[in-house]
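Here are the chains, one letter per residue:
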Amino acid sequence: MKFDTIIIGGGLCGLTAGIELSRKGQKCLIVSSGQSALHFFSGSFELCSSAEDPFQAMESLGKGHPYSKIGLENVRSLSSKVKPFFKEVGISMKGIKDANHWRITPLGVLKRAWLTMDEYATVPPEGRMPWKKVALLNVDGFLDFHTSYIAAGLAEQGVETVIKSISMPELDHLRNNPTEMRSTNISKALTGDAIGVLAARINEHAKDVDAVFMPAVVGLTGCSDVVRLKEKVDRPLNFIATLPPSVPGIRMQLMLKRHFQKLGGTYMLGDSVTGGEFKDGKLVSIKTQNHGDVNFCADNFILATGSFFSKGLSSDIDGVTEPVFGLDVDSIEERSQWYKRNMFEAQPYMNIGIATDNDFKVSRNGVTIDNLYAAGAVLGGFNALKEGSGAGVSILSALHVSSLILKD
């Protein structure tokens, strides 16, 4: 089977590249093994969170950083396209290009973010809380949302909270087993007529407050239930991220996937690439676990398999490897230098990733593969946790690599 571009990895990075290329008329295939980091999504995208101005923070990044390879002016240009890109998919984001705002974490701590889904609670860049008193609601029996921590964090910012639990018949069957009271199962129950019932329960506790906060457990497969609920609640309704799994993250992946397929893309879920055929410095075709001897051919390929978390990189006593094609990795030779004993320091292993040239082309045994690109978390040269740059690198490297392929 022949495609213009084959993308290995169906998370945020892979889907962004697939949509961008499909929009420009390419025939694309995405091979996805399944669950991605979006299932742990906070509701926000980080571009570079070490300062209020993300672009100012980028000026101190090293030459090997993905943003430096893209070029900081190009990063500015590409970043202006992100909100319209997701708007086209049906996902509305709030935030401005040149300044980070604050999001409220599941533990009640304020953390910088660049763009945040519209339904989430956010605080302006200057950190001034827009509320004096809020109702903080939880679903009765839901253990992955800690109201006491959130209330304590809000109290430090001068916000008074009223904590209440919501109980409704539509959720009673989930309480038969504590393992069933998870965000995704709750979301499956909170749809259709249950939205009206939920809104009534919220309104009972929404009097004499400036806003209502509740866990992000509505809208697993689309935004319509979120919109309907916000319309029916008497006070401004804001969601706060729960512990994983993330309902909005799963929704985002489903919506990106649907949009990719609407544009004509082929998405192979639950499959994994087992290897490829290389010839004359190019990757000619790949094989997958579920399709036996079928060769999937393309003019270009993008590796967007993620880092250690998504098994895009593998490590053992001998070092770090790329498990699909055996590509070259920018690593640290001495294993003892991979980490710092202080867990709160920047950990060196986070900078390990696929070796690429300035056009994000990978190499194998020192030889550049002219039509195989890497993008997203599988790249080396950046520390997503310390910099607050994970989503930004995934999205912008996907858009940049797509533009390079389209130019060719």
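Preceding block: the structure.
A quick note: this is a predicted structure, and the numbers were derived from the prediction, not measured.

A.B. asks: Mind showing me how you'd approach helix α4 (residues 72-79) here?
C.D. replies: Since one α-helical turn is 3.6 residues long, residues separated by three or four positions face the same way. Among all positions in α4, only Val 75, Leu 78 and Ser 79 are buried. Taken down its axis, α4 places every buried residue within 95° of arc, on the same side.

A.B. asks: Would you take a moment to explain the packing of helix α1 (residues 12-23) against helix α10 (residues 247-262) for this structure?
C.D. replies: It is at 9 Å that the axes of α1 and α10 come closest, and there the two elements cross at 25°. The orientation of α1 with respect to α10, classified from their angle, is roughly parallel. As for how α1 packs across α10, the hand of that crossing is left-handed. Here Leu 12, Leu 15, Gly 18, Ile 19 and Ser 22 of α1 lie close against α10, whose contacting residues are Gln 253, Leu 256, Lys 257, His 259 and Phe 260. Class assignment for the residues of the contact of α1 with α10 results in 5 nonpolar, 4 polar and 1 charged.

A.B. asks: Is there a simple way to explain the packing of aromatic side chains in this structure?
C.D. replies: Across all of its chains, the model carries 7 aromatic pairs by this definition. Aromatic pair Phe 45 and Phe 86: ring centres 5.1 Å apart, planes at 50°, arrangement tilted. Of this pair, Phe 45 sits in strand β3 (residues 44-45) while Phe 86 sits in helix α5 (residues 82-89), and the two are 41 residues apart along the sequence. Through a chain of ring-to-ring contacts, three or more aromatic side chains come together here, namely Phe 41, Phe 45, Phe 85 and Phe 86. Of note, Lys 27 hangs over the ring of Phe 3, and the distance from its end group to the ring centre comes to 5.1 Å.

A.B. asks: Whenever I open this one, the sheet that holds β3 confuses me. Can you help?
C.D. replies: Note: strands within a sheet are paired through backbone hydrogen bonds, in either parallel or antiparallel orientation. With antiparallel pairing, 3 strands are arranged side by side in an open sheet as β3-β7-β4. Of all the strands in the sheet, the pair left with one neighbour each is β3 and β4 (93-94). When β3 meets strand β7 (residues 115-117), the two strands line up antiparallel, connected through 2 bridges. Bridge pairing links Ser 44 to Thr 116 in β7.

A.B. asks: What should I look at first to understand the sheet that holds strand β10 (residues 160-166) in this one?
C.D. replies: Spatially, β10-β9-β11-β12 is the arrangement adopted by the 4 strands of the open sheet, whose pairing is parallel. Two strands lie at the open edges of the sheet, namely β10 and β12 (237-240), each paired on one side alone. Recorded for the sheet is a direction-independent mean angle of 25° between the axes of neighbouring strands. In terms of strand pairing, strand β9 (residues 133-139) meets β10 through 7 bridges, oriented parallel.

A.B. asks: It is not clear to me how the pattern of salt bridges should be interpreted in this structure. Could you clarify?
C.D. replies: Should their charged atoms come close, side chains of opposite charge can pair. All chains considered together, the criterion is met by 12 salt bridges. Between Lys 133 and Asp 208 there is a salt bridge, with its nearest N and O atoms 3.3 Å apart. Note that Lys 133 is positioned in strand β9 and Asp 208 in the loop between α8 (194-204) and β11 (211-215), a separation of 75 residues in sequence. Looking at Asp 208, the relative accessible area reads 59%, which means it is exposed. With a shortest N-O distance of 3.2 Å, Asp 225 and Arg 228 are connected by a salt bridge. Linking Asp 225 with Arg 228, this pair stays in helix α9 (residues 224-232), spanning 3 residues, or about one helical turn. By relative accessible area, Arg 228 is classed as partly exposed at 29%. When salt bridges with common partners are traced through the structure, they connect Glu 20, Arg 23, Lys 24 and Glu 88 into a single cluster.

A.B. asks: Honestly, the environment of Met 129 in this entry has me stumped. Any pointers?
C.D. replies: Residue position: Met 129 is located in the loop between β8 (122-123) and β9. Every residue in contact with Met 129, bar those within four places of it in the chain, is listed here: Leu 110, Val 123, Leu 154, Gln 157 and Val 159.

A.B. asks: How should I be thinking about unusual backbone geometry in this particular structure?
C.D. replies: With glycine set apart, most residues show a phi of negative sign, and most peptide bonds adopt trans. In this chain, Pro 244 is followed by Pro 245 through a cis amide linkage whose omega measures 5°. Locating Pro 245 in the fold gives a position in the loop between β12 and α10. Positive phi, close to 60°, is recorded for Asp 208, a residue that is not glycine. Positive phi, close to 65°, is recorded for Lys 311, a residue that is not glycine.

A.B. asks: Is there a simple way to explain the environment of Val 273 in this structure?
C.D. replies: For Val 273, the location among the structural elements is in strand β14 (residues 273-279). For the pair formed by Val 273 and Gly 9, sequence separation is 264 residues and the distance between their alpha carbons is 9.4 Å. Apart from the residues within four sequence positions on either side, Val 273 is in contact with Ile 8, Val 31, Ile 286, Lys 287, Thr 288, Val 324 and Phe 325.

A.B. asks: Can you walk me through a nonpolar patch on the surface in this structure?
C.D. replies: A contiguous nonpolar surface patch, about 310 Å² in accessible area, is contributed by Leu 107, Val 109 and Tyr 149. Secondary-structure assignment places Leu 107 in the loop between β5 (101-104) and β6 (110-113).

Reading the values: the criteria
- Residues numbered from 1 in each chain as written.
- Predicted model: local features only at pLDDT ≥ 70, side-chain atom pairs only at ≥ 80, totals over all residues.
- Heavy atoms only, no water.
- Buried < 20%, exposed > 50% of the residue type's maximum accessible area, 1.4 Å probe, protein only.
- Helix = DSSP H or I, 4+ residues; strand = E, 2+ residues; numbered from the N terminus.
- Arc of directions from axis to C-beta.
- Axes fitted to C-alpha atoms, helices over the stretch in contact; angles between N-to-C directions.
- Parallel < 35°, antiparallel > 145°, perpendicular 65-115°, else oblique.
- Left-handed = near helix turned anticlockwise from the far one by under 90°.
- Contact = heavy atoms within 4.5 Å.
- Nonpolar A, V, L, I, M, F, W, Y, C, P; charged D, E, K, R; others polar.
- Phe/Tyr/Trp six-rings, centres within 6.5 Å; stacked < 30°, edge-to-face > 60°.
- Lys NZ or Arg CZ within 6 Å of the ring centre and 35° of its normal.
- Pairing = 2+ DSSP bridges.
- Salt bridge = Lys/Arg side-chain N within 4 Å of Asp/Glu carboxyl O.
- Patch = residues over 30% accessible without salt bridge, like charges linked within 9 Å, V, L, I, M, F, W, Y side chains within 5 Å.
- Areas by Shrake-Rupley, 256 points an atom, 1.4 Å probe, with all protein chains shown as cover.

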